[in-house]
Amino acid sequence: MAEHEHVRVAVIGSGFGGLGAAVRLRREGITDFVVLERAGGVGGTWRDNSYPGCACDVPSHLYSFSFAPNPDWPRSFSGQEHIRAYLEHVTDTFGLRPHLRFNAEVKRMTWDAERLRWDIETTGGNWSADVVVSATGPLSEPKLPDVPGLDTFPGKVFHSARWDHDYDLRGKRVAVIGTGASAIQIVPSIQPQVEKLTLFQRTPAWVLPRMDRPIGAAERAVHRALPFTTKLRRGVLWGIRELQVQAFTKHPGELGFVEQLARRNMARAIKDPALRAKLTPDYRIGCKRILLSSTYYPALAQPNVDVVASGLTEVRGSTLVAADGTEAEVDAIVFSTGFHVTDMPIAERVVGPEGTTLAETWSGGMQALRGASAAGFPNWMTIIGPNTGLGNSSMILMIESQLNYMADYLRQLDVLGGRVALDARPSAVRAWNHRVQERMKRTVWNTGGCTSWYLDASGRNTTIWPGTTAEFRRATRRVDLAEYAVLRATGTRPEAGAENAEVAA
């Protein structure tokens with residue numbers, strides 16, 4: 001590898017996970033680290049997703065760091081611009097800018113077993129690091145379907161996460177492909193502007209009302225003057241969602257009442273029985289991500305909107321053809337088709353000591369010890385790793401739990417002393433994953449009768465955590481050295497007995 005800079009820790013990505021890791025490192029007294037970011041600014045998915053109507057479906061005071069409360073959220077559910085501004089504020093408040101390296105996309109990370117370090121090649125230079133914390137996130141790489149004939153389309157094509165703000169949709173015939181969290185925000189935002197909007201819906205979603213409102217100046221002033229009120233508000237929001245977990249994970253039948261609320265939400269706006277039938281899911285609510293919107297259904301009821309209850313299968317010039325044979329002439333295509341979640345692209349760029357990539361190791365499905373450590377990849381940790389996702393609460397809670405684990409991981413390396421690395425034992429990874437998958441069997445995500453992005457190609461749920469956030473926090477409070485092999489600077493893996501002796505010492 002060419003000339004490089006060595007650091008103790010290299011963090012990959014500057015979204016919530018990467019910035020949170022950077023803050024935690026500084027709070028632990030560690031300043032010898034860099035944050036490698038492929039783009040030119042912080043924000044992660046909240047930088048990339050700037051489509052019309054982009055907002056969070058988790059309440060603002062819960063979708064923020066516990067160590068960086070924001071008393072000035074302008075709405076109960078914040079928009080993309082407010083969340084990105086918050087992340088910029090966190091970056092400045094905690095002095096993270098000297099650690100940031102922009103336009104440094106990681107091309108390859110290779111473990112050097114002799115030196116016990118990661119060699120990292122990026123588009124902005126090369127680094128080596130004792131520990132890598134990968135915080136690229138599951139919502140970072142857009143997923144585009146392979147549609148025959150798409151390359152012949154003469155109009156504009158883009159993904160919702162790569163919105164082309166230079167293209168004017170006014171007066172255009174626009175197709176939106178997909179009915180997920182992005183689509184239900186885009187459709188009502190662009191519907192009044194376009195001549196015709198055609199929504200290609202492979203699977204309808206359950207949609208509940210979005211109880212959003214402005215947070216007034218007086219309310220914000222109280223939060224500023226009395227910080228405990230912000231903490232109390234966050235605690236109430238957290239507690240409500242913790243109580244809901246049982247229905248998702250153990251008693252999906254209890255979600256029938258929530259389905260009735262969703263049906264009423266639809267009935268208020270959709271009067272046409274045929275359209276209502278198209279929009280009514282045939283699976284248990286919660287199996288796919290529950291969506292929040294009070295404007296989606298009213299937009300679909302407008303005369304310039306057509307709902308095609310079938311997926312896009314072919315493009316013939318400017319004509320889009322659905323699986324049921326429906327055709328639509330359009331000027332622009334917006335793909336709201338999600339991200340590479342169960343096949344994270346960063347895994348193809350992580351190379352272990354045997355020359356095997358993480359993607360190859362995970363070819364049968366992602367799995368990591370406590371959502372963080374993959375066997376065969378020493379001193380490499382991931383934030384928002386396998387089975388750390390949530391179906392009803394804030395991912396910031398899970399990120400902070402993983403930051404606790406990261407901090408203790410680094411402390412354990414210090415205690416062990418010298419040139420040392422920890423490699424998750426395959427048996428520990430298997431045991432952890434077995435427990436997770438056994439718990440998953442009863443959940444709505446596995447029993448609800450749908451196909452979702454929570455499931456990988458083999459139908460296994462490798463994304464969602466089947467428990468409460470409190471349970472996950474307890475599980476990641478400390479690193480159990482018995483779950484790891486200790487590697488010394490010789491680059492050889494110790495025998496089991498010697499390994500235990502080293503740990504005991």
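Model, not experiment: these values are computed from the prediction. (Residues numbered from 1 in each chain as written. Predicted model: local features only at pLDDT ≥ 70, side-chain atom pairs only at ≥ 80, totals over all residues. Heavy atoms only, no water.)

1. Things to note about the pairing of strand β2 (residues 33-36)
Rules: Residue exposure (1.4 Å probe, protein chains only): buried if accessible area is under 20% of the type maximum, exposed if over 50%, otherwise partly exposed. Here a helix means four or more residues in a row that DSSP labels H or I, a strand means two or more in a row labelled E, and each is numbered from the N terminus. Here, a strand pair is defined by DSSP locating no fewer than two bridges between the strands. Here is how to tell: hold the view so the strands point away, follow the path from the first strand over the helix to the second, and if it runs clockwise the crossover is right-handed.
Burial along β2 is two-sided: the residues Phe 33 and Val 35 and Val 34 and Leu 36 are all buried. One ladder, built from four bridges, connects strand β1 (residues 5-12) with β2; its direction is parallel. When the bridges of β2 are listed, Val 11 appears paired with Val 35. With helix α1 (residues 16-27) bridging β1 and its parallel neighbour β2, the resulting β-α-β unit is right-handed. Relative to strand β3 (residues 100-101), β2 runs parallel, the two being bridged by two bridges.

2. What about the confidence of the model for the chain?
Detail in the predicted coordinates should be disregarded across regions flagged by low pLDDT. Heads up, the condition is: What pLDDT conveys is the predictor's confidence in a given residue, as a value from 0 to 100. Whether two residues are in contact is decided by their heavy atoms, any of which lying within 4.5 Å being enough.
With 96% of its residues at a pLDDT of 70 or more, the chain shows a mean pLDDT of 95. Taken together, the stretch residues 491-505 has pLDDT below 50 and engages in 21 contacts with residues farther than four places along the chain or on a different chain.

3. Section: the sheet that holds strand β9 (residues 196-200)
Each strand in a sheet pairs with its neighbour through backbone hydrogen bonds, running either in the same direction (parallel) or in the opposite one (antiparallel). The test is simple: Every axis corresponds to a line fitted to the C-alpha atoms, with the helix fit spanning only the stretch in contact, and the corresponding angles, defined between N-to-C directions, vary from 0 to 180 degrees.
The strand order across the open sheet built from five strands is β7-β16-β8-β9-β12, with neighbouring strands paired in parallel fashion. Strands at the two margins of the open sheet, each flanked by one partner only, are β7 (156-159) and β12 (305-308). Strand-to-strand twist across the sheet, computed as the mean angle between neighbouring axes with direction ignored, equals 15°. By the bridge criterion, four bridges tie β7 to strand β16 (residues 332-335) in an arrangement that is parallel. Across the sheet, the residue bridging to Val 157 is Ile 333, located in β16. Relative to strand β8 (residues 173-177), helix α4 (residues 183-190) is tilted by about 165°, and along the sheet it contacts β8, β9 and β16.

4. Digging into the packing of α1 against helix α3 (residues 80-93)
Quick note on the threshold: Throughout, the term roughly parallel applies to angles under 35 degrees, roughly antiparallel to angles over 145, roughly perpendicular to angles from 65 to 115, and oblique to all others. Helix crossings fall into two classes, left-handed where the near helix is turned counterclockwise from the far one by less than a right angle and right-handed where it is turned clockwise. Classification used: nonpolar for Ala, Val, Leu, Ile, Met, Phe, Trp, Tyr, Cys and Pro, charged for Asp, Glu, Lys and Arg, polar for all others including Gly.
Close contact between α1 and α3 brings their axes to 10 Å; oriented N to C, the two are set at 20°. Classed by the angle they form, the pair α1 and α3 counts as roughly parallel. You can see that α1 and α3 cross each other, and the crossing is left-handed. Facing α1, whose interface residues are Phe 16, Leu 19 and Val 23, α3 presents Ile 83, Tyr 86, Leu 87, Val 90 and Thr 91. Looking at the contact of α1 with α3, its residues break down into seven nonpolar, one polar and no charged.

5. Quick notes on the pattern of salt bridges
Between side chains of opposite charge, pairing is possible as soon as their charged atoms come close. Let me state the cut-off plainly: Salt bridge criterion: a side-chain nitrogen from Lys or Arg within 4 Å of a carboxyl oxygen from Asp or Glu.
Using the criterion set out here, one finds 30 salt bridges in the structure. Linking Arg 24 and Glu 28 is a salt bridge whose minimum nitrogen-to-oxygen distance equals 3.2 Å. When its relative accessible area of 18% is taken as the criterion, Arg 24 is described as buried. The partly exposed category is assigned to Glu 28, whose relative accessible area is 31%. Each of Arg 24, Glu 28, Asp 408 and Arg 411 takes part in salt bridges that share partners, so that together they form one network.

6. Some points on unusual backbone geometry
Backbone geometry follows two general trends: most residues other than glycine have a negative phi, and most peptide bonds adopt the trans configuration. We note that Asn 103 has phi near 55°; this positive angle belongs to a residue other than glycine. Positive phi, normally seen in glycine, also occurs at Asn 379, with a value near 50°. Assignment of secondary structure puts Asn 379 in the loop between α10 (358-361) and β18 (380-382). Relative accessible area serves as the criterion here: at 1%, Asn 379 is assigned to the buried category.

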